[in-house]
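# A closer look at the structure
The residues making up each chain are set out below.
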Amino acid sequence: MALLNCIECNHIVSDKASACPNCGCPVSFSLDVSSLAEPYKAVPPKRKPRKRRKYKKLPNGFGCIKKLSGNRSRPFAAYPSTKEFYNNGSPVSQPAIGYYADWYQAFDALREFNSNPYDLVHKDITFTELFELYFKDKYIDNKKKKYSQSSIDSTKAAFKNCSALHNKKFKELRKYDLQSVLDHCPLKHSSLELIVTLFRQMYKFAKENDITYKDYSEFVKINIPDDDESGEPFTQEELDILWNNKDNETVQFILVMIYSGFRIKAFETIEINSKEKYFKGGVKTNAGKGRIVPIHNSIFAYVLNFNPDKFKAVSFRTKKFYPVLQQLGIAKTLSGKKHTPHDCRHTFSWLCDKYKVDELSKHLIMGHSLGNDIEKSVYGHRTIDELRAEINKIQV
C-alpha cells in the first residue's frame, strides 16, 4: 500500500481508496512516484509574513523618529527637523533629542521640543560647565562694563556653595534641587541671597542661549529670617556731624537714606516724582514693594541730584559709604560695631519714634507688613498728604 496526495485538496489518500475521503475526488490508480507523500509527515502550512506596524505620518518640519537596529532597551531615536544645509545642498546632521522605549515616547519628546526648542549641542551641559560659560560671558568677554573684584568674588563664592549641583546636568535640574541647596546651606541670609542671584542670572543666560526654556529659579525662596535686618541707628551727635558736612555728595545721599527709610538696594530702581515730591519703590517684601513715600523737606534738593540709573548699591557701600564715615570719625557705633547702610533705615525708625510719627504711617512709609492686625491691614489708610505731614514731623 502506498500513500498519495489528492490532486484536488492535497489530502493524504491510500492508493487502495476509490475516492478522497476529504473532497470525494476519484483516486487515479496510475501511481506517480512524485505524488507519493512521505510517511507520517504532514505538509506544514505556509507562514504568513508579519505585517510591519504602521505609525501615523509626522507633519512636515516636525522631525522624525527612527527605530535603531539591534537589541536595545530604547530603540526609538527622535530627531529634530533639519534646518541647516551645506553649500552642496546636503543636510547638516542633527543630534538626537533622545532615545526612547517606544515610538509614542519619542513622539511626545519631539512634540515638547517643537513647543519649546532648546540647544541640542548643550543639552547635556552640567551646572559647572554652564557656570563657566556664564562667568566668561559676564566678566571676561564683556568689555562694555567693568565689574569690581568684590562682585567677581561674590559670584565665585556663591558657585562654591552650590557644590551639590556641580556635576548635575543643568537641563535636568528642578526647583527641588535648587531649593535643597538653600535649605541645607549653613551660611547667613546675605550669602543665601548671593546664591539666589546666581541661580537667576544663570537661568537668564541659559534661556538667552536656548539651553533651557523654563526658569526654576523664580520659585526658590530663602526660608530663614533676614539677619541683615539687625542694626544700630546713628546717634544725634553723629547726625549733627553728617549735617555739618552736608556739602559732601556722599553725605547728602546718606542723609537721603536716613530721612526716607528705604533700603540701599531699593535706590537702584526707585522712581522719583519731583513734581509731587515723593518716592515710589521698595524691595524685599510685598508690603514694601512699590510703596509711596513722601520726600522729607530737608532732603528734597539732594534727591534732585540723584540718578537711580547710575547708582549701584555694592559700589556705593564699599567705595563711598564706609570711606566717608571713616573720614568723619563715625565709622563705629556706640557698641563698637561697624556702621552699615542698613543703619540708615534703623535711624529713620528711631527718628519716627522720637518725633511721634503716627505708628500706622510709620509702618506704611517703611513698608512693614501689618501681619494679623486686621484693623490696620484692612481699615488702615493714609493719603499721601497725611503721610507727608507725618514724615515732616521729623526735625533736623
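Look a little higher up for the structure.
Residues numbered from 1 in each chain as written. Predicted model: local features only at pLDDT ≥ 70, side-chain atom pairs only at ≥ 80, totals over all residues. Heavy atoms only, no water.

Next up on the list: the pairing of strand β4 (residues 76-79). A two-sided burial pattern is seen for β4, the buried positions comprising Phe76 and Ala78 on one face and Ala77 and Tyr79 on the other. Of the pairings in the sheet, the one linking β4 to strand β5 (residues 98-100) comprises three bridges and is antiparallel in character. Pairing of Ala77 across the sheet is with Tyr99, part of β5. (Buried < 20%, exposed > 50% of the residue type's maximum accessible area, 1.4 Å probe, protein only. Helix = DSSP H or I, 4+ residues; strand = E, 2+ residues; numbered from the N terminus. Pairing = 2+ DSSP bridges.)

Spatially, the three strands line up as an open sheet ordered β3-β4-β5, and their pairing is antiparallel. Of all strands in the sheet, those with a lone pairing partner are β3 (64-67) and β5, marking the two edges. For this sheet the average axis-to-axis angle between neighbouring strands, irrespective of direction, equals 30 degrees. (Axes fitted to C-alpha atoms, helices over the stretch in contact; angles between N-to-C directions.)

Moving on, we come to helix α10 (residues 342-354). The end-to-end C-alpha distance of α10, which contains 13 residues, comes to 19 Å, matching closely the 18 Å that a straight helix rising 1.5 Å per residue would cover. Check the buried side of α10 and you find it contacts α6 (236-244), α7 (249-258), β8 (291-294), α9 (313-328), α11 (359-366) and α13 (384-391). A positive backbone phi angle near 60 degrees is found at Lys356, which sits one or two residues after α10. (Expected span 1.5 Å × (residues − 1). Contact = heavy atoms within 4.5 Å.)

What follows deals with the pattern of salt bridges. Throughout the structure, instances matching the rule amount to eight salt bridges. Among the ionic pairs, Asp108 bridges to Arg111, the shortest N-O distance being 2.8 Å. Here Asp108 and its partner Arg111 are both found in helix α1 (residues 103-115), three residues apart, which amounts to about one turn of the helix. What makes Asp108 partly exposed here is its relative accessible area of 36%. According to the relative accessible area criterion, Arg111 is partly exposed, its value standing at 44%. Close ionic contact of Asp358 with Arg382 constitutes a salt bridge, the shortest N to O distance being 2.9 Å. Linking Asp358 in the loop between α10 and α11 with Arg382 in the loop between α12 (374-379) and α13, this pair joins segments that are 24 residues apart in sequence. Arg382 gets classed as partly exposed once you look at its relative accessible area, which sits at 33%. (Salt bridge = Lys/Arg side-chain N within 4 Å of Asp/Glu carboxyl O.)

Running from N to C, α11 and α13 point in directions that differ by 100 degrees, and their axes come no closer than 10 Å. The pairing of α11 with α13 is recorded here as roughly perpendicular in orientation. Along its contact with α11, which presents Ser361, Leu364 and Ile365, the element α13 presents Leu387, Glu390 and Ile391. (Parallel < 35°, antiparallel > 145°, perpendicular 65-115°, else oblique.)

Turning our attention to the environment of Lys138. Inspection of the secondary structure puts Lys138 in helix α2 (residues 127-140). On the basis of relative accessibility, which here comes to 15%, the residue Lys138 falls in the buried class. As a C-alpha pair, Lys138 and Phe205 span 67 residues in sequence and 9.5 Å in three-dimensional space. If sequence neighbours within four positions are ignored, Lys138 has contacts with Tyr147 and Gln201.

On to the nonpolar core, then. Judged by nonpolar contacts, the single largest core of 45 residues is most densely connected at Ile254 and Phe267. Sorting the residues of this core by element identifies α6, α7, α8 (300-304), α9, α10, α11 and α13 as the ones contributing at least two each. With seven residues, the single largest contributor to this core is α7. Residues contacting Phe267, with those up to four places away along its chain left out, are Phe253, Val256, Met257, Ser260, Phe262, Phe279, Phe306, Pro308 and Phe311. In this structure, Leu165, Leu182, Phe205 and Val220 belong to the second largest nonpolar core, which totals 30 residues. (Core = buried A, V, L, I, M, F, W, Y, C linked by side-chain atoms within 4.5 Å.)

Attention shifts here to unusual backbone geometry. For Lys277, which is not a glycine, the phi torsion comes out positive at approximately 60 degrees. Unlike most non-glycine residues, Lys356 shows phi in positive territory, near 60 degrees. Judged by relative accessible area, Lys356 falls into the exposed class, the value being 64%.

Looking now at the packing of α6 against α7. Interaxial distance between α6 and α7 falls to 9 Å at its minimum, and their mutual angle equals 135 degrees. Classified by the angle their axes make, α6 and α7 are oblique. Read as a crossing pair, α6 and α7 show a hand that is left-handed. Residues Leu239, Leu242 and Trp243 of α6 pack against Val251, Ile254, Leu255 and Ile258 of α7. The class makeup of the residues in the contact of α6 with α7 is seven nonpolar, no polar and no charged. (Left-handed = near helix turned anticlockwise from the far one by under 90°. Nonpolar A, V, L, I, M, F, W, Y, C, P; charged D, E, K, R; others polar.)

Below, the discussion takes up the sheet that holds strand β7 (residues 278-281). The strand order β6-β7-β8 describes an open sheet built from three strands, whose pairing is antiparallel. Each having just a single partner strand, β6 (271-273) and β8 make up the two edges of the open sheet. Sheet twist, expressed as the mean angle between neighbouring strand axes with direction ignored, is 25 degrees. Both β6 and β7 contribute to a ladder of three bridges, which runs antiparallel. From the neighbouring strand, Glu271 faces β7, where its bridge partner is Lys280. Of the strands in this sheet, β7 and β8 touch α13, which is tilted by about 50 degrees from β8.

Moving on, we come to the state of the cysteines. Scanning the entire structure with this criterion turns up zero disulfides. Cys162 supplies the cysteine sulfur nearest to Cys185, a cysteine that is in no disulfide, at a spacing of 8.1 Å. (Disulfide = S-S within 2.5 Å.)

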